Amino acid sequence: MSLTRRQVSVAGLGAPLALALTGPAEASGRRRTLYIAGDSTAAQKYADAAPETGWGMALPFLLHRHLTVDNHAVNGRSSKSFVDEGRLEVILSSIRPGDLLLVQFAHNDEKTADPSRHTEPWTTYQRYLRLYVDGARARGARPVLATAVERRRFDADGRAVPSHGEYPAAMRALAREERVPLLDVQALSLALWQELGAEKTKTYFNWTATEQDNTHFNPPGAIAVARLVARELLRTRVLAPRDVRRLDDRIPESWITWPESVA
């Protein structure tokens, strides 16, 4: 299925909406781009959704100016539907040697009642993830897999509870098999929610006077998860120390903005 012109414009956000950063070129003579393929937890949000915030909106504040973030993550997509709608094709038509493709899916792959999105962890999920890995590598870009950030779930004893079933394990296994860098955001976010506890985590998720959302983030939550992602990019040596900044600094919530949606 091909994308309409409007879908392409939304999926391939330009520099202002993607919070692209400019700066000195790499040794190759140009800036590198980090593409994000993912779901609503990472996606760019617009004015009508505020204060809901995807972690991809905060990631540019943690990267130096020679890296551009091009956020293609879209609400409601799975590893399968993102491909079937032509969204991976949009990325692969633009990605260049030396660029990065960061892939995070599972939230919607888990929806067994929806055949347009559902995948099985050890078969179709891995099969679709390989399309991202192979597509990036074929174009000289570097694929990076990120296990899905955890939801806010606690048991009666106050323990943070994992919610993604076998999907993180399936991604970890694929990363080992394909020798792809893995950002274990699922494990790190679960540990962070446990550290914060059931009450304090409410200040990281999209809890408002009218909504109690335990999946999507507000600005503090998006910044916290983006920090996990940036630290993992550094730990796995996908990025070098010169590529990251503010890993331990406070990032003002006011830096997060929600543009008007594309008409």
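The structure this text deals with has already been given above.
Criteria and thresholds
- Residues numbered from 1 in each chain as written.
- Predicted model: local features only at pLDDT ≥ 70, side-chain atom pairs only at ≥ 80, totals over all residues.
- Heavy atoms only, no water.
- Helix = DSSP H or I, 4+ residues; strand = E, 2+ residues; numbered from the N terminus.
- Buried < 20%, exposed > 50% of the residue type's maximum accessible area, 1.4 Å probe, protein only.
- Areas by Shrake-Rupley, 256 points an atom, 1.4 Å probe, with all protein chains shown as cover.
- Salt bridge = Lys/Arg side-chain N within 4 Å of Asp/Glu carboxyl O.
- Axes fitted to C-alpha atoms, helices over the stretch in contact; angles between N-to-C directions.
- Parallel < 35°, antiparallel > 145°, perpendicular 65-115°, else oblique.
- Left-handed = near helix turned anticlockwise from the far one by under 90°.
- Contact = heavy atoms within 4.5 Å.
- Nonpolar A, V, L, I, M, F, W, Y, C, P; charged D, E, K, R; others polar.
- Pairing = 2+ DSSP bridges.
- Right-handed = clockwise from strand over helix to strand, strands pointing away.
- Expected span 1.5 Å × (residues − 1).
- Phe/Tyr/Trp six-rings, centres within 6.5 Å; stacked < 30°, edge-to-face > 60°.

Helix and strand content of the protein: eight helices and seven strands. The proportion of buried residues among the 263 residues of the protein is 57%. For the protein, the accessible surface area stands at approximately 11600 Å², while carbon and sulfur atoms represent 51% of it.

Scanning the model with the defined rule gives 16 salt bridges in all. Taking the shortest distance from any N to any O, the salt bridge between Arg77 and Glu85 comes out at 2.9 Å. Each member of the pair, Arg77 as well as Glu85, is classed as buried. One salt-bridge network, held together by shared partners, links Arg130, Arg137, Glu177 and Glu178.

One can describe the packing of helix H5 (residues 121-138) onto helix H6 (residues 167-178) by two numbers: an axis separation of 10 Å at closest approach and a directional angle of 45°. It follows from the interaxial angle that H5 and H6 lie oblique. Seen from above, H5 lies across H6 with right-handed handedness. Contacts between H5 and H6 pair Pro121, Trp122, Tyr125, Gln126, Leu129, Arg130 and Arg137 from the former with Tyr167, Ala169, Ala170, Met171, Ala173, Leu174, Glu177 and Glu178 from the latter.

Attention shifts here to the packing of helix H7 (residues 185-200) against helix H8 (residues 219-235). Helix-helix packing: each pair is described by the crossing angle between the helix axes and the interaxial distance. Here H7 crosses H8 at 135°, and the two axes come no closer than 10 Å. Between H7 and H8, the angle is such that the two are oblique. The two elements H7 and H8 meet at a crossing, and its hand is right-handed. Contacts between H7 and H8 involve Val185, Leu188, Ser189, Leu192 and Trp193 from the former and Ala224, Val225, Leu228, Val229 and Glu232 from the latter. Here the residues of the contact of H7 with H8 sort into eight nonpolar, one polar and one charged.

The next thing to look at is the pairing of strand E1 (residues 32-38). Where burial is concerned, most of E1 is hidden: seven out of the seven residues are buried. Here E1 shows two buried faces, one formed by Arg32, Leu34, Ile36 and Gly38 and the other by Thr33, Tyr35 and Ala37. Relative to strand E2 (residues 67-71), E1 runs parallel, the two being bridged by five bridges. Of the residues in E2, the one forming a bridge with Thr33 is Thr68. Here E1 pairs with strand E3 (residues 100-104) via five bridges, running parallel. Residue pairing in the sheet places Leu34 in a bridge with Leu100 of E3.

Spatially, five strands are ordered E2-E1-E3-E4-E5 in an open sheet, and the strand pairing comes out parallel. One side of each edge strand has no neighbouring strand; the edge strands of this open sheet are E2 and strand E5 (182-183). Note: E3 against strand E4 (residues 142-146), four bridges, orientation parallel. Note that in E4 the partner of Leu101 across the bridge is Pro143.

Turning our eyes to something else, we now look at the pairing of E3. Within E3, five of the five residues are buried, which leaves the element mostly enclosed by the surrounding structure. The parallel pair E3 and E4 is bridged by H5, and the resulting crossover is right-handed.

So, on to H5. Over its 18 residues, H5 runs 24 Å from end to end, which matches the ideal 26 Å to within 8%, given 1.5 Å per residue. Taken residue by residue, H5 has Pro121, Tyr125, Gln126, Tyr128, Leu129, Tyr132, Val133, Gly135 and Ala136 as its buried positions. Contact partners of the buried residues in H5: E1, helix H3 (79-84), helix H4 (87-94), E3, E4 and H6. Just downstream of H5, Gly140 is the residue with a positive phi angle, here 80°.

What follows deals with the packing of aromatic side chains. This structure, assessed with the given rule, holds nine aromatic pairs. Ring plane angle 45° and centroid distance 5.6 Å describe the contact between Phe105 and Tyr132, whose orientation is recorded as tilted. In this pair, Phe105 sits in the loop between E3 and H5 while Tyr132 sits in helix H5, placing the two residues 27 residues apart along the sequence. By the burial criterion, Phe105 is buried, and Tyr132 matches it. On the numbers, 5.0 Å between centres and 85° between planes, the contact of Tyr125 with Tyr167 is edge-to-face. Note that Tyr125 is positioned in helix H5 and Tyr167 in helix H6, a separation of 42 residues in sequence.

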